[in-house]
Each structure stands twice: as C-alpha cells, then as structure tokens.
Amino acid sequence: MYVIVDTIQFLGKCLYYFSEAFIFKIIPLKRKDVAGEIVLITGGGSGLGRELAIHFATLGSIVVLWDINEEGNMETCRLVKEKGDVKVFAYTCDCSKRQEVYKVAAQVREEVGDVTILINNAGIVTGKPFLDTPDDMIEKSFAVNVISHFWTCKAFLPAMIEANHGHLVCISSVAGIIGINGLTDYSATKFAAFGFAESLFFELNLIKKTNIKTTIICPYLIKTGMFDGCVSKYPFLLPILEQKYVAQKIIDAILEEKVYCTLPKVADFMLYLKHLMAPKMTLAMVKYLGGETFMASFKGRMKPNTLQPKTEEKHQ
Ligand SMILES: NC(=O)c1ccc[n+]([C@@H]2O[C@H](COP(=O)([O-])OP(=O)(O)OC[C@H]3O[C@@H](n4cnc5c(N)ncnc54)[C@H](O)[C@@H]3O)[C@@H](O)[C@H]2O)c1
C-alpha cells in the first residue's frame, strides 16, 4: 500500500515540477539581489574569474578574489576598483593546498565576513593524450579543478548552513558532461566537480537548507587563453564563446537560481543524445563535431610539464 501511495505522490510531484519548469520557461524568472553579498571567486586573477568579479562589483556585491597568481589577482582588483565605489579584497591562495585554503578562509572571515556566494572557478588543463600526461599533472589537475572545491566548501558552507543562506557555484565544463579525447585528466576532474556539486545540492535539500542554492556551469570553449589553439569544426553549431558572454550567462544563472547551465544551450543536446543513442552513434556525433581534431593544435597557457604560465602571458 505504501509503495502505491509513495509512487502516486512521486508522479504528482513530477507533473507539478514539470509544469512549473515549463511555465518558468515562458515567464521570466525573478532575479535575486546580490548587493551586499560577499562573493568569493577562486581563480579571480584572469579570464572568467576576472570577468565575473567585474560583473558582481557592478551589482553591488563585496568581491573577494583568490588566485595563485598574485599579479593577475592584483590586476583584477584594480579593474574592479575602476568600477567606482566598490569593495574588493584580493588574497593570494593556492586552492589546491588544503591548509592554505583553511588559513586564507579564516583570514577572509575575519577581515571581510562570511562568504555568501562561493564560485569555484580556478582551473588548469594539461591537454595531452592520456599516456603522455605526466603523473604530477594528473594529480595537480584533480587538486585544483575539484579537490579544492571540497576544501572551499568545508571552509565556507558551515556559516551558510547556520544562516540557511548562500549560493555555491561550480564552474565545470562541457568536458564534465561528455568525455573528450586529449583531455582525460581535465574531463575527469570536471565530471567529478559536477558530481560533487550535484551531490551537495541534493544533500542540502534533504537537510532542508533550501535557501542555499547550487549552480553548475558547463561551458564549451571560451576565448580566455586556457584552450588557446583549439578549434571548433562547425562554429555555427558550437561557437568558441566570448568571455563577456559567458560571464553574463553565469550571472543570469546565479541571479535566477538555476541549478544547471550549459553554454551554448545546444551542448545540452549532445548530453541527451549521448544517453539516448548507441555508443557508436555517440562516437559518430563526436567525430562529426570535430572531436578527433579538437585538441590537435592545442597550445593553452602552460609550458609543457610545468605549472607556470608562459612568461609573455604572466602580466596579461
Ligand atoms: N576557457 C575555456 O574554454 C573553458 C571552458 C569550460 C570551462 N572552463 C573553466 O572555467 C574556469 C576558468 O577558466 P578560464 O578560461 O578563465 O582560465 P584562466 O586560465 O584564464 O583562469 C584560471 C585561473 O585559475 C587560477 N589558478 C590556477 N591554479 C590555481 C590554484 N592552484 N589556486 C588558485 N588559483 C589557481 C589561474 O591563475 C587563473 O587566474 C576553469 O575552471 C576552467 O576549467 C574554461
């Protein structure tokens, strides 16, 4: 008897939430106000992190920048300050180091306050075929791209839970929803980051902390330099995205409290097809979209086998 009642309740909820989602596709969603919120962005020293910092500052948020690259971080700080009467704080922090994350997090709590929007954005990419990928780069990619999310969330989530107020943002990737050749370590970290954020979303909802929101972002290639050299076979289908466009879409997703955001939207289609199609058809789709040659001319930001930015890009 219980099974029948439970199943009917479940189906009723499905119908209700499906209709709700459909209605919200037509009616514009209410956007939340982030003025006065303390927004911490890891990897704020360049690319997407920098762009997001500027956007949040113009929305009246208090911006906290973390980056391993002190110069880049200070440059973002300067650019944010150009926006006028804004509050911005920059900290040098290697997110891959647990003790460093906890130490700098304590400093932020003391000097700025409790972080209410946490954007896990810092990332690195190796960009080599699996057997050419150095072991230390595999470990480093995991440490920066996903394990750091555990440390930052451990540091800032307790205050969010206490207040039942906050927002966790995970910058994953299209490579976090579909595997990509030449990106085995990167792709694995992005799947893991997605899985971590989604699991935490369920966990927070089950303990009724429904005012702590989760947003998982999965962008395709962005013109930030991280994937320099990569080409899109059919840009009309999968264009290489502008940094400003992606940042605006991420801000929209956060303000509308969306859980998932894939950019461009057409990439969602790849995910549906992947689950619906035979594996050989998925392979054909990947080849059609240029998966075979996607990484062939990859240069990226890093010198081979090191974690240092190329010297000419250090002061971007
Ligand atoms: N560029 C793309 O095509 C693309 C596509 C999908 C997802 N993403 C993701 O977007 C995020 C931002 O990437 P981006 O394109 O702006 O690249 P980026 O290289 O411009 O920015 C990454 C930032 O992370 C910082 N960082 C690296 N290691 C760090 C560490 N240990 N501790 C603290 N900071 C560290 C870097 O110094 C840099 O400022 C990344 O997570 C990336 O994986 C990028």
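This text goes with the structure placed above it.
Residues numbered from 1 in each chain as written. Predicted model: local features only at pLDDT ≥ 70, side-chain atom pairs only at ≥ 80, totals over all residues. Heavy atoms only, no water.

A. Quick peek at the pattern of salt bridges. Applying the stated criterion across every chain yields a total of 12 salt bridges. Salt-bridge contacts for K32 lead to E257; the nearest nitrogen and oxygen are separated by 3.4 Å. Separated by 225 residues along the polypeptide, K32 in the loop between α1 (2–26) and β1 (38–42) and E257 in the loop between α7 (243–255) and β7 (260–263) bring together distant segments of the chain. When its relative accessible area of 24% is taken as the criterion, K32 is described as partly exposed. Among the residues examined, E257 registers a relative accessible area of 32% and is labelled partly exposed. Between K265 and D268 there is a salt bridge whose closest N-O contact spans 2.7 Å. Given the relative accessible area of 56%, K265 is considered exposed. (Salt bridge = Lys/Arg side-chain N within 4 Å of Asp/Glu carboxyl O. Helix = DSSP H or I, 4+ residues; strand = E, 2+ residues; numbered from the N terminus. Buried < 20%, exposed > 50% of the residue type's maximum accessible area, 1.4 Å probe, protein only.)

B. Highlighting the side chain of T152. On the secondary structure map, T152 appears in helix α5 (residues 135–163). A polar atom in the side chain of T152 sits 3.2 Å from the backbone oxygen of H149. (Polar contact = N/O pair within 3.5 Å; in protein donor to acceptor, adjacent residues only side chain to side chain.)

C. Representation of helix α6 (residues 184–206) in the model. Compared with an ideal rise of 1.5 Å per residue, which puts 23 residues at 33 Å, α6 spans 33 Å between its outermost C-alpha atoms and is within 8% of the ideal. Listed in full, the buried residues belonging to α6 are D185, Y186, S187, T189, K190, A193, F194, F196, A197, L200, F201 and L204. Phi turns positive one or two residues past the end of α6, at K208, with a value near 65°. (Expected span 1.5 Å × (residues − 1).)

D. Main features of the site of the ligand. The environment of the ligand is made up of 30 residues, and the closest members are S46, D67, Y186, I222 and T224. Within the backbone of I68, an N or O atom sits 3.4 Å from a nitrogen atom of the ligand. Contact with the protein chains covers 95% of the free accessible surface of the ligand, which is 820 Å². Of all elements in the fold, only α2 (47–58) and α6 reach the threshold of two or more residues within the shell around the ligand. For the shell around the ligand, a count of residues per class yields 15 nonpolar, 11 polar and 4 charged. (Near = heavy atom within 4 Å. Areas by Shrake-Rupley, 256 points an atom, 1.4 Å probe, with all protein chains shown as cover. Nonpolar A, V, L, I, M, F, W, Y, C, P; charged D, E, K, R; others polar.)

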